[in-house]
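# Notes for the structure review
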Amino acid sequence: MEINFLIIITFLLSLIVWYIVTPLIEGTKEIPTQINQHELNRNKTVLLRQIKELEMDYHIGNVSEEDFNNTRNELKNEISTIITNIKNIS
Amino acid sequence: MTPVLGSISLSLALGVAFISILLFSLFLKKSDYRFFIAGWRATVVVSALTILATLILLYELLLSNFDISYVAHYTSLETPTFYKITALWAGQSGSLLFWLFILSVYTLIVLYQYRNSYSKLMPWIIIVLVFVQIFFLILVNIVENPFMPTDADFVVINGNGLNPLLQNLTMAIHPPTLYLGYVGFTIPFAFAIAALVTKETGSVWIRSIRRWTLIAWLFQSGGIILGGWWAYQELGWGGYWAWDPVENASFMPWLTGTAFLHSIIIQEKKGLLKTWNMVLILVTFTLCIFGTFLTRSGVMSSVHAFAVSNLGPIFIVFIVIILVICIYLIISRLPYLKSEKRIESFTSRESGFLLNNVIFITICFAVFWGTIFPVLSEAVSGDKITVGAPFFNRVNIPIGLMLLFFTGVGPLLAWRRTSKDAFIRNFSIPIISGIAIFIVCLIFGIRNTTLISFPLTAFVFTAILIEFQRGINSRVTRFDESFLKALQTLIARNRSRYGGYIAHLGIVFMFIGFSGQAFDTELEFALKKGDSKIFDGYSFELVSIDPVERPNHIAWIAGINVWNLEKHLVTTLYPEKRVYFHLDPNPEKRQPHSELDIHTTIYKDIYSIFSGVDIEKQIAYLKIMINRLVYWVWFGGYVLIIGTMISLWPAKEY
Amino acid sequence: MNKKKVTIAVSTLTLLAVVWIGFVTFSPNQENPGMVRFLSLSEIQTVKENERIRLGGLVYPGSILISEKNQLECNFRLKQGEHSIPVLFTGTRPDLFKDDAEVIVEGNYIDGAFVADQLQTKCASRFEGELRNEASYNTESI
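### Details of the domain arrangement of chain B
All names here are of chain B.
- The domain boundaries assigned to chain B delineate domain 1 (2-237 + 244-335 + 353-362) and domain 2 (519-632).
- Of the residues lining the interface, 11 residues belong to domain 1; the matching set on domain 2 comes to 15 residues.
- When residues of domain 1 are sorted by the area they lose upon contact with domain 2, Pro164, Tyr232 and Glu234 head the list and together hold 52% of the total.
- Taken together, the connections running from domain 1 to domain 2 amount to 0 salt bridges.
- Counting across the interface, domain 1 meets domain 2 through 4 residue pairs in polar contact (both at pLDDT 80 or more).

This is the structure:
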C-alpha cells in the first residue's frame with residue numbers, strides 16, 4: 001500500500017514537472033506570429049459586429065444620420081488599421 | 001489513502017500556484033515567451049489539482065468514509081446518494097473547496113479559450129486568477145481543510161446526516177448556481193485589473209468580458225431566484241425574500257453586476273464612463289468575496305447561520321488587499337480612463353444609462369447600509385439593533401419603482417439626444433396605457449402601493465413591446481419581411497440586445513408578483529376533523545389526518561378540502577407534519593419539520609402549513625395564507641433567464 | 001450640456017438618495033419600525049413604552065406550557081444566564097422550538113412579561129454538532 005502510494009505520488013509529481021518544464025526547453029523566445037494574428041482577427045469580428053449593431057440602431061431611429069456616419073467611419077478606420085496589422089505580420 | 005491524496009493535491013496546487021506567479025513575473029521581466037507558456041501550463045496544473053481534490057472529496061462522500069471529519073459531519077448512511085453529492089457544499093470547508101473548484105473550471109475555460117491567441121492582457125489576467133486561487137488554496141490548506149480526519153476518540157459508525165431542510169432538489173441546485181455567479185465575476189474582474197495594469201483601458205477588454213459578465217450574472221440571478229423559490233416552498237413563512245444578511249449578500253453583487261452590465265454598453269458604444277466601469281466591476285468582485293465571507297463566517301445571525309468560524313480575519317485581510325490594490329491602480333491610471341466623448345443631453349440614452357447606474361448603486365447602498373447597520377450601531381452607540389424587512393421594503397420600494405419606470409424609458413431614448421417628435425411617437429402609447437390602468441385601479445378601489453406599481457408595469461410592458469415593434473417595422477420596411485419572420489430574424493441577429501429586452505419583460509412580470517404582496521392575507525386556526533373554517537373567500541374542511549412511515553421520517557398528513565363560496569371543490573391540500581430521525585432514542589435529536597402544500601394559480605397561491613397535531617382529539621393546527629400573484633415572480637424569473645440565455649447564445653458571424 | 005451639468009445632476013441624485021436612506025433610518029415608522037433594539041435581559045428596564053424589542057436566549061427546560069384551548073398559544077420562560085422572563089407567544093411555533101433551544105423573540109415588554117409575535121429558532125444543533133458515539137443511536141435502524 002505505502003509503496004504504491006509513493007509511486008503514484010512520484011509519478012504525479014514528475015508528470016507535473018515534465019508538463020511545466022518542457023516549454024522552457026523546447027519553446028521559442030518570440031511570440032509566434034499566428035498567435036498575434038488570432039487576437040487581431042478576434043478584434044476584427046467584434047468591430048464588424050459593432051458596425052452591424054450601429055446600422056440597426058440607425059434604421060430604428062436611435063441614432064441620428066450625422067452620428068451614424070461619424071461612428072461608422074471611426075469603426076471602419078479601426079478595422080482597416082487591424083487589417084494592415086494582420087498583413088504586416090504575415 | 002485517497003484522502004491523503006486529496007490533501008496532497010491541495011498542497012501541491014498551492015505550491016504550483018506560486019510557481020506559476022513566478023513564471024509569469026519572469027515572462028514580464030524578460031519577455032521570453034517560453035516563460036509564458038510554462039506559466040500557462042502551471043496554471044492548468046493548479047486548476048487540475050484542485051479539480052482532482054474536489055473529485056476525491058466527492059468520492060469519499062459517496063463512499064461514506066466517516067474517517068474524514070467533513071464526511072462524518074454532513075452525511076450519514078441514510079443520506080440518499082444524490083444528497084451525498086450535494087453535501088459537497090453543505091459545510092464550510094467543502095463549500096470553500098467547491099468555490100475553488102468552480103474558479104478552477106472557469107480558469108481552465110479562459111486558458112483554453114485564449115490558448116491560440118496572445119494579448120498584452122493575458123499574463124495579467126492569469127496572474128489575477130491565480131492570485132484569487134491562492135487565497136482560497138490557503139484557506140482550504142491551512143484554515144479549513146476538508147480532508148481533516150475525524151477527531152473523535154471512537155469509531156464513527158454513522159455520520160450526522162444532512163439537514164432535512166436541505167434535502168430538497170431546489171436546495172441542491174441553489175448554492176452551486178449562486179456560486180457559479182459569485183465566482184463568475186472573478187473573470188471580468190481579472191480582465192479589468194489586467195486592463196488597468198497594462199493601461200489598455202480602451203474598449204477591447206470591455207468587449208471581451210461582456211459574455212463572461214452575462215454568464216456570471218445569469219447564474220447569480222438564477223441562484224437568487226432559486227433561493228427565493230426554496231424559501232417559499234420549504235421554510236413555511238409564506239414569503240420568498242426576508243432581507244436576511246445572507247440574502248442581501250447575494251443581492252448586492254447582483255445589483256452592482258447589473259449596473260455594470262448596463263454601463264459597459266455605453267463604454268463600448270461611446271467610450272464613456274471608463275473609470276466608473278472599473279469601479280463597478282471591482283466593487284462587484286469585492287462584494288462577491290464579501291458575500292462568500294458573510295455566508296460562511298457566521299458574523300451575522302441569520303437563517304443561513306452556519307457554524308461561527310475563524311475565517312473572518314482572513315477574509316477581511318483579503319478584501320482589504322484587493323481594495324488597496326484596486327484603488328491604487330484606478331487612481332494611478334486615471335489619465336488613461338478619460339472619456340472620449342461626453343453626455344450631451346438629459347434626454348439621451350447615455351444619461352438614461354447613467355441614471356440606471358445611479359439607481360442600482362443607491363439600492364445597493366441601501367441594502368449594504370441596512371446589512372451592516374447593526375454592526376455600526378453597536379460600535380457607535382453600544383445598542384444592538386436588528387434591521388428587519390420593513391426597513392428594507394420602505395427604503396427600496398420607491399427606488400425600485402423608479403428603476404422600473406426607467407426600465408421602460410431607457411430603451412426608447414435615442415443616443416445623444418431624443419427629439420421631441422420621437423418622444424411623442426415612442427411614449428404616447430405607454431403613457432396612455434399606464435393612465436388607463438391607473439384609472440382601472442382607482443375604480444376597483446385599490447389604494448396601496450399597487451396604485452402606482454400596476455400602472456407602471458403597464459407602462460413599461462407597452463414600452464418594451466414598442467421597442468420590439470420599432471425593430472420589426474424597420475425590418476419589414478427594409479427587407480419586406482413578414483411580421484413573424486421579421487421578429488424572428490430581429491431576435492436572431494441582435495441576440496444580446498433583444499435578449500436583454502426579454503429579460504426586462506421578466507423583470508416587469510416579477511414586479512407584478514412583488515406588488516401582489518400588498519394583498520396577502522393569513523390566518524392561523526385549529527380545526528377538528530370533519531369541521532370547516534371560512535377564510536378569505538374559501539372554506540377549508542379538514543377531511544383526514546393520516547400517519548405515514550417513510551424511510552427516514554414519519555409524517556402526519558392532513559387532508560384539507562378547499563371549497564370556494566359557490567361550493568365547488570377548488571383543490572385538496574396535503575400539508576405534512578414530519579419528524580426526522582424518529583428512531584433516534586434521544587428525543588432531543590429528533591427533528592420535526594413541516595412540509596407545506598401549495599395550490600398555485602396565476603392569481604393567487606393557497607399556502608397551507610400543518611403546524612401542530614393533537615392525535616387524540618383529532619385536531620390539526622393550521623396556518624393558511626392566500627398569497628396574491630406570487631406565480632408571476634417565478635414566471636418573470638423564467639422569462640429573465642430565457643432572455644439572458646438568448647443574449648448569451650453565440651451569434652453566427654455574418 | 002457640459003461636464004459640470006452632469007456632475008451636478010449626479011451629485012444631486014446621490015445627495016437625494018443619501019437623504020432618503022438617512023430619513024428612513026432615523027425616522028422609523030412607529031407601528032412597524034423594521035429596526036428594533038436587540039436587548040439583553042439585564043437591560044430590559046430601559047424599554048420605552050410601546051417599543052418593539054428583540055430578545056435572545058434559551059428556552060428554560062420544562063417551562064413550555066401550551067394552552068389547552070388553543071394550541072397556538074404558548075407560554076415559556078426565556079433564560080439568559082441568571083435572568084429569565086416569561087414569554088407569551090401566539091402563532092405557529094418553529095419546528096425546532098423545544099427545551100433548551102436557542103430562540104429569538106420579537107414583540108413588546110408589558111408589565112414584566114414579554115408578548116411576542118415573532119419567534120425564531122437558531123439552526124439545528126444536530127447538523128453542526130458533535131459527532132455521535134456508537135452508543136448514542138440505534139445501530140439496528142441503519
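### Describing the packing of aromatic side chains
All names here are of chain B.
- Using the criterion set out here, one finds 55 aromatic pairs over all chains in the structure.
- Between phenylalanine 24 and phenylalanine 36 the ring centres are 5.8 Å apart and the planes differ by 75°, which places this aromatic pair in the edge-to-face class. Taken together, the residues span a long stretch of sequence, with phenylalanine 24 in helix H1 (residues 2-30) and phenylalanine 36 in helix H2 (residues 33-63) at a distance of 12 residues. Of the two residues, phenylalanine 24 and phenylalanine 36, neither departs from the other in class, the shared state being buried.

### A short note on the arrangement of the chains
- By contact count, the dominant pairing among the 2 pairs of chains in contact is that of chains B and C.
- Of all C-alpha pairs spanning chain A and chain C, none lies closer than 17 Å, and the two are not in contact.

### Observations regarding unusual backbone geometry
Residue and element names in this part refer to chain B.
- Positioned with a positive phi, arginine 416 is a non-glycine residue whose angle comes to about 70°.
- Along the chain, arginine 416 turns up in the loop between helix H14 (389-409) and helix H15 (420-443).
- Its identity is not glycine, yet leucine 629 carries a phi of approximately 60°, on the positive side.
- Checked against the element boundaries, leucine 629 lands in the loop between strand S11 (619-628) and helix H19 (630-648).
- For leucine 629, a relative accessible area of 15% corresponds to the buried category.

### Examining the interface of chain A and chain B
- Taken residue by residue, the interface counts 43 residues in chain A and 53 residues in chain B.
- Summing both sides of the interface, chain A and chain B together bury roughly 4,200 Å²; the carbon and sulfur share of this comes to 60%.
- Linking chain A with chain B are 4 salt bridges.
- Across the salt bridge formed by Arg416(B) and Asp67(A), the nearest N and O atoms sit 2.2 Å from each other.

### Some words on the sheet that holds S11(B)
Residues and elements named next belong to chain B.
- Across the sheet, which stays open at both edges, the 4 strands sit in the order S2-S11-S10-S9 with antiparallel pairing between neighbours. Taken across any chain shown, the strands that pair with only one partner, and hence form the sheet edges, are strand S2 (521-528) and strand S9 (597-600). Strand after strand, the sheet turns through a mean of 20° between neighbouring axes, direction not considered.
- Relative to strand S10 (residues 604-614), S9 is paired through 4 bridges, and the arrangement is antiparallel.

### Observations concerning the packing of H1(B) against H2(B)
All names here are of chain B.
- Taken N-terminus to C-terminus, the directions of H1 and H2 make an angle of 165°; their axes are 8 Å apart at the nearest point. The angle between H1 and H2 falls in the class roughly antiparallel. Handedness of the crossing formed by H1 with H2: left-handed.
- Here the contact of H1 with H2 is built from residues that sort into 24 nonpolar, 7 polar and 2 charged.

### Focus on a nonpolar patch on the surface
- There is a patch of nonpolar side chains on the surface, built from Ile431(B), Ile435(B), Phe438(B), Ile439(B), Val440(B), Leu442(B), Ile443(B) and Phe444(B) and spanning about 780 Å² of accessible area.
- Structurally, Ile443(B) is set in helix H15.

### Topic: the nonpolar core
- Grouped together as the largest cluster of nonpolar side chains are 195 residues, with contacts concentrated most on Trp99(B), Phe136(B), Leu137(B), Phe189(B), Trp205(B), Ile289(B) and Phe315(B).
- Residues within four places of Trp205(B) in sequence aside, it is in contact with Leu121(B), Pro188(B), Phe191(B), Ala192(B), Ala195(B), Glu200(B), Phe260(B), Gln267(B), Met278(B) and Ile281(B).
- Ranked by size, the runner-up nonpolar core spans 20 residues in total, among them Leu41(C), Ile53(C), Phe89(C) and Phe97(C).

Rules of the game
- Residues numbered from 1 in each chain as written.
- Chains lettered and ligands numbered in written order.
- Predicted model: local features only at pLDDT ≥ 70, side-chain atom pairs only at ≥ 80, totals over all residues.
- Heavy atoms only, no water.
- Domains from an automatic or database assignment.
- Contact = heavy atoms within 4.5 Å.
- Buried area = accessible area lost by both parts, 1.4 Å probe.
- Salt bridge = Lys/Arg side-chain N within 4 Å of Asp/Glu carboxyl O.
- Polar contact = N/O pair within 3.5 Å; in protein donor to acceptor, adjacent residues only side chain to side chain.
- Phe/Tyr/Trp six-rings, centres within 6.5 Å; stacked < 30°, edge-to-face > 60°.
- Helix = DSSP H or I, 4+ residues; strand = E, 2+ residues; numbered from the N terminus.
- Buried < 20%, exposed > 50% of the residue type's maximum accessible area, 1.4 Å probe, protein only.
- Pairing = 2+ DSSP bridges.
- Axes fitted to C-alpha atoms, helices over the stretch in contact; angles between N-to-C directions.
- Parallel < 35°, antiparallel > 145°, perpendicular 65-115°, else oblique.
- Left-handed = near helix turned anticlockwise from the far one by under 90°.
- Nonpolar A, V, L, I, M, F, W, Y, C, P; charged D, E, K, R; others polar.
- Patch = residues over 30% accessible without salt bridge, like charges linked within 9 Å, V, L, I, M, F, W, Y side chains within 5 Å.
- Areas by Shrake-Rupley, 256 points an atom, 1.4 Å probe, with all protein chains shown as cover.
- Core = buried A, V, L, I, M, F, W, Y, C linked by side-chain atoms within 4.5 Å.

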